[in-house]
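# Tertiary structure, described
Next come the chains, spelled out residue by residue.
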Amino acid sequence: MSAIAPVVIAATSKHTATLIFLHGLGDTGHGWATAMAGIRTPNMKVICPTAPTMPVTLNAGFRMPSWFDLKTLDASGPQDEEGILSATVNVHKLIATEIKEGISANRIILGGFSQGGALALYAALTYPEPLAGVIALSSWLPLHKNFPAARKCPDTVPIFQGHGDCDPVVPYKYGQLTSTVLKTFMAKTIFTTYRGMTHSSTEEELDDLKKFVQEHCPRQ
């Protein structure tokens, strides 16, 4: 991860579950912390890390918080495979730390928005143990041609995808295509369309996330 400490919101009752949420390009862990605190159960700790600052090709080499380099938003364009794999290792380390603290993998939800959602999807699918669930908001599956061969998780891990049909940044069709690919090798994928939503989130989406969290990682 980066040298910046993640935003951590402690559970309000006995800690028996964890939600790790990865922000989008140019944001920080603070950007989603309040929203994630609103969808969790009382026994759930929230971890919102901040990506390292690096030059981003898509933004003319400008330095900003980014999980990996984005070369283009064209689905068939070149991707920063080395950066994606390196970032995935760091996400797996975050999960391992929670497991060392006594939280089993099936009590950990991994999620993210946009680039963070892309990394969350890749990291969850390549993690050998089943997580409680995956949340991918306004995002896509990076290195999609590596799948299903790259998949290490069981095909039963639940995946929630949310996407606005007016997204000008990560086109709605990319979310649809990702859902189509995921359905070929994952058994529990949900793709929810939010009418009129741009590259953001809404109360409706957050309500759906809250239900997803309660269903797949119920309070113990």
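Preceding block: the structure.
In short, a report on the structure. Here the structure is a predicted model, which means the values were calculated and not measured.

## Let's talk about the packing of aromatic side chains
Each aromatic ring pair is characterised by the separation of its centres together with the angle its planes make. Under the counting rule described, the total for this entry stands at 6 aromatic pairs. Here Trp-32 and Phe-113 contribute two aromatic rings whose centre-to-centre distance is 5.0 Å and whose plane-to-plane angle is 35°, an arrangement assigned as tilted. Remark: Phe-113 occurs in strand 6 (residues 108-113) and Trp-32 occurs in helix 1 (residues 30-39); sequence separation between them is 81 residues. The pair Trp-32 / Phe-113 is uniform in exposure class, with both members buried. Both rings, one in Phe-160 and one in Phe-212, keep their centres 5.7 Å apart while their planes meet at 55°; by these two values the pair is tilted.

## Thoughts on the pattern of salt bridges
As enumerated under the stated definition, the model contains 5 salt bridges in all. Close ionic contact of Glu-101 with Lys-45 constitutes a salt bridge, the shortest N to O distance being 3.5 Å. One end of the pair, Glu-101, is in the loop between helix 2 (81-100) and strand 6; the other, Lys-45, is in strand 3 (residues 44-48), and 56 residues separate them in sequence. A salt bridge links Asp-208 to Lys-211; the shortest N-O distance between them is 3.9 Å. With Asp-208 and Lys-211 both in helix 5 (residues 203-216) and 3 residues apart, this pair spans about one turn of that helix. By relative accessible area, which is 54% here, Lys-211 ends up exposed. Bridged by salt links that share partners, the residues Lys-45, Glu-98 and Glu-101 form one connected network.

## Quick look at the sheet that holds strand 9 (residues 189-194)
Read across the sheet, 7 strands follow the order 1-3-2-6-7-8-9 without closing on themselves; strand pairing throughout is mixed. Where the open sheet ends on each side, the last strands, each with one partner, are strand 1 (7-9) and strand 9. Here the average twist between neighbouring strands, direction ignored, is 15°. Across 6 bridges, the pairing between strand 8 (residues 159-164) and strand 9 is parallel. Paired with Gln-161 across the strands is Phe-191, a residue of strand 9. Packed on one face of the sheet, helix 2 meets strand 2 (17-22), strand 3 and strand 6 and runs near 150° to strand 6.

## Digging into unusual backbone geometry
A cis amide bond, omega 5°, links Phe-147 with the succeeding residue Pro-148. The topology assignment puts Pro-148 in the loop between strand 7 (133-137) and strand 8. Positive phi values are uncommon outside glycine, yet Ala-60 reaches one of about 55°. Structurally, Ala-60 is set in the loop between strand 4 (53-56) and strand 5 (62-65). Residues other than glycine seldom take positive phi values, yet Ser-114 does so here, at roughly 55°. Mapped onto the elements of the fold, Ser-114 is located in the loop between strand 6 and helix 3 (115-125).

## Things to note about the packing of helix 2 against helix 3
Close contact between helix 2 and helix 3 brings their axes to 9 Å; oriented N to C, the two are set at 70°. By the angle between their directions, the pair helix 2 and helix 3 is classed as roughly perpendicular. Of the residues in helix 3, those touching helix 2 at Ile-84, Leu-85, Ala-87, Thr-88, Val-91 and His-92 are Leu-119, Tyr-122 and Ala-123.

## Observations regarding the pairing of strand 4
Across 4 bridges, the pairing between strand 4 and strand 5 is antiparallel. Opposite Thr-53, over in strand 5, you have Pro-65 as the bridge partner. Hairpin connection between strand 4 and strand 5: a loop of 5 residues separates the two successive antiparallel strands, and Ala-60 in this loop has a positive phi of roughly 55°.

Analysis parameters
Residues numbered from 1 in each chain as written. Predicted model: local features only at pLDDT ≥ 70, side-chain atom pairs only at ≥ 80, totals over all residues. Heavy atoms only, no water. Phe/Tyr/Trp six-rings, centres within 6.5 Å; stacked < 30°, edge-to-face > 60°. Helix = DSSP H or I, 4+ residues; strand = E, 2+ residues; numbered from the N terminus. Buried < 20%, exposed > 50% of the residue type's maximum accessible area, 1.4 Å probe, protein only. Salt bridge = Lys/Arg side-chain N within 4 Å of Asp/Glu carboxyl O. Pairing = 2+ DSSP bridges. Axes fitted to C-alpha atoms, helices over the stretch in contact; angles between N-to-C directions. Contact = heavy atoms within 4.5 Å. Parallel < 35°, antiparallel > 145°, perpendicular 65-115°, else oblique.

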